[in-house]
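Chain residues, written in single-letter form:
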Amino acid sequence: TTTNLVVDDSLIIKALNKTIVEVDIHGPPNFLLGGSTATIALRRGSKLYIANTGDSQTAVVALPDPTTIDRPLSPDDAVIVYKTRPHKANDPDEYARIVALNGTVRINADAHDSRVIVHSVAAREDIMLAMSRSLGDWEWKPVGVIAEPTIDVIDLKQHPHAFLIAASDGVWGTRRDQFFAKQFSESFHVGTRHPLHQCWLVINDITPKLKQGYRDDMTAVVMKL
């Protein structure tokens, strides 16, 4: 026999939060300078649960039902219907939490970017963190850089022709969001190129060609929903 187990959204949200927090708690305590973002995307039935900590972001991209239009689908039809928000210290709520714990936040002139500053025992100097939430980064924990994720629930019944892009800020920061929506819609719903091959082509395209200056890490996962 089979039993249809009814699970309330709040239980799944609680489990996702607990998972990320426990990963943070049980990280290696002697590795002071290590840190990471974290994203979990869990589909259960028609619901998609997304938990995000840090400045990596996950987007849900949808296309119209092909039976509702009188022409072939085009990559230009792709629309980002959801995207996680990055955890940055220039967000008012994040800023307030850090400042309340005597943390120092540096925000640039146009308020576009921010850094949380601590004096590092390990590095023996003041160091900056671009995120207001993360896994690890132990030296920032006392000033309010927490691991708890923000969690959203998306009803995929409203978006039956959708796919997911999860990527680090080193990817999202190189192009406008619509570029990625269009590029991957060619694989999932319009063209014949395998999504993994398309992902490789996209990363290759956006990677700076000059081996000079700072280049952020680039990590991406794409998946049909």
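To be clear, the structure that these remarks concern was listed above.
Residues numbered from 1 in each chain as written. Predicted model: local features only at pLDDT ≥ 70, side-chain atom pairs only at ≥ 80, totals over all residues. Heavy atoms only, no water.

Let us now look at the overall build of the protein chain. From N to C terminus, the protein chain includes five helices and 12 strands. Dimensions along the principal axes, computed over C-alpha positions, put the protein chain at roughly 65 × 55 × 30 Å. Counting only residues that meet the buried cut, the protein chain has 39% of its 225 residues in that class. Here the contacts in the protein chain between residues at least 6 apart in sequence split such that 61% fall between residues at least 24 apart. For the protein chain, the accessible area works out to roughly 13,100 Å², and carbon and sulfur atoms hold 55% of it. Side-chain charges of the protein chain comprise 24 positive and 27 negative groups, with the mean position of each set lying 3 Å from the other. (Helix = DSSP H or I, 4+ residues; strand = E, 2+ residues; numbered from the N terminus. Buried < 20%, exposed > 50% of the residue type's maximum accessible area, 1.4 Å probe, protein only. Contact = heavy atoms within 4.5 Å. Areas by Shrake-Rupley, 256 points an atom, 1.4 Å probe, with all protein chains shown as cover. Lys, Arg positive; Asp, Glu negative; His and termini not counted. Charge placed at Lys NZ, Arg CZ, Asp CG, Glu CD.)

Looking now at the pattern of salt bridges. Inspection of the entire model under this criterion finds 11 salt bridges. Between K47 and D9 there is a salt bridge, and its shortest N-O distance comes to 3.0 Å. You can see K47 sitting in strand β3 (residues 47-53) and its partner D9 sitting in helix α1 (residues 9-25), a full 38 residues away along the chain. The partly exposed category is assigned to D9, whose relative accessible area is 23%. Each of the salt bridges in this network shares a partner with another, and the network as a whole consists of E94, R97 and R133. (Salt bridge = Lys/Arg side-chain N within 4 Å of Asp/Glu carboxyl O.)

Strands sit in the order β6-β7-β8 across an open sheet of three strands; the sheet is antiparallel. Strands with a single pairing partner mark the edges of an open sheet, and in this sheet they are β6 (104-107) and β8 (125-129). Neighbour-to-neighbour, the strand axes of this sheet turn through a mean angle of 35°, independent of strand direction. Both β6 and strand β7 (residues 114-120) contribute to a ladder of four bridges, which runs antiparallel. (Pairing = 2+ DSSP bridges. Axes fitted to C-alpha atoms, helices over the stretch in contact; angles between N-to-C directions.)

Once that is clear, we can look at helix α2 (residues 92-100). Taking the backbone nitrogen of D93 as reference, a side-chain oxygen 3.0 Å away marks D91 as the first, capping residue of α2. One or two steps after α2, the chain reaches N102, where phi turns positive at roughly 65°. (Polar contact = N/O pair within 3.5 Å; in protein donor to acceptor, adjacent residues only side chain to side chain.)

Where nonpolar side chains cluster on the molecular surface, the patch consists of Y95, V99 and I107 and spans about 230 Å² of accessible area. Along the chain, V99 turns up in helix α2. With relative accessibility at 34%, the residue V99 sits in the partly exposed group. (Patch = residues over 30% accessible without salt bridge, like charges linked within 9 Å, V, L, I, M, F, W, Y side chains within 5 Å.)

Let us now look at the sheet that holds β3. Strand order in this open sheet of three strands is β2-β3-β10, and the pairing throughout is antiparallel. Because the sheet does not close on itself, it has two edges, and the strands there are β2 (38-44) and β10 (150-155). The sheet shows a mean angle of 15° between the axes of neighbouring strands, direction not considered. Of the strand pairs in this sheet, β2 and β3 are connected by seven bridges, and their pairing is antiparallel. The residue bridging A41 from the neighbouring strand is I50, located in β3. Most of the contacts of α1 go to β3, to which it runs at about 30°, and overall it touches β2, β3 and β10.

Right, let's talk about the nonpolar core for a bit. In terms of nonpolar packing, the biggest core is built from 18 residues, with V61, F163, I165, W172, F180, F184 and V222 touching the most fellow members. Per-element tally for this core: the top contributor is helix α4 (residues 177-190), with four residues. Excluding anything up to four places from it in sequence, V222 contacts L164, I165, F184, F188, P195 and C199. (Core = buried A, V, L, I, M, F, W, Y, C linked by side-chain atoms within 4.5 Å.)

On to α1, then. For α1, built from 17 residues, the straight-helix expectation of 24 Å at 1.5 Å per residue is met to within 8% by its first-to-last C-alpha distance of 24 Å. Of all the positions in α1, only I12, L16, I20, V21 and D24 are classed as buried. For α1, the arc enclosing every buried residue in end-on projection is 165°, short of the 170-degree limit, so these residues lie on one face. Of the exposed residues in α1, those oriented more than 90 degrees away from the buried face are L11, K14, K18 and I25. Residues of α1 that are buried make contact with β2, β3, β9 (135-136) and β10. (Expected span 1.5 Å × (residues − 1). Arc of directions from axis to C-beta.)

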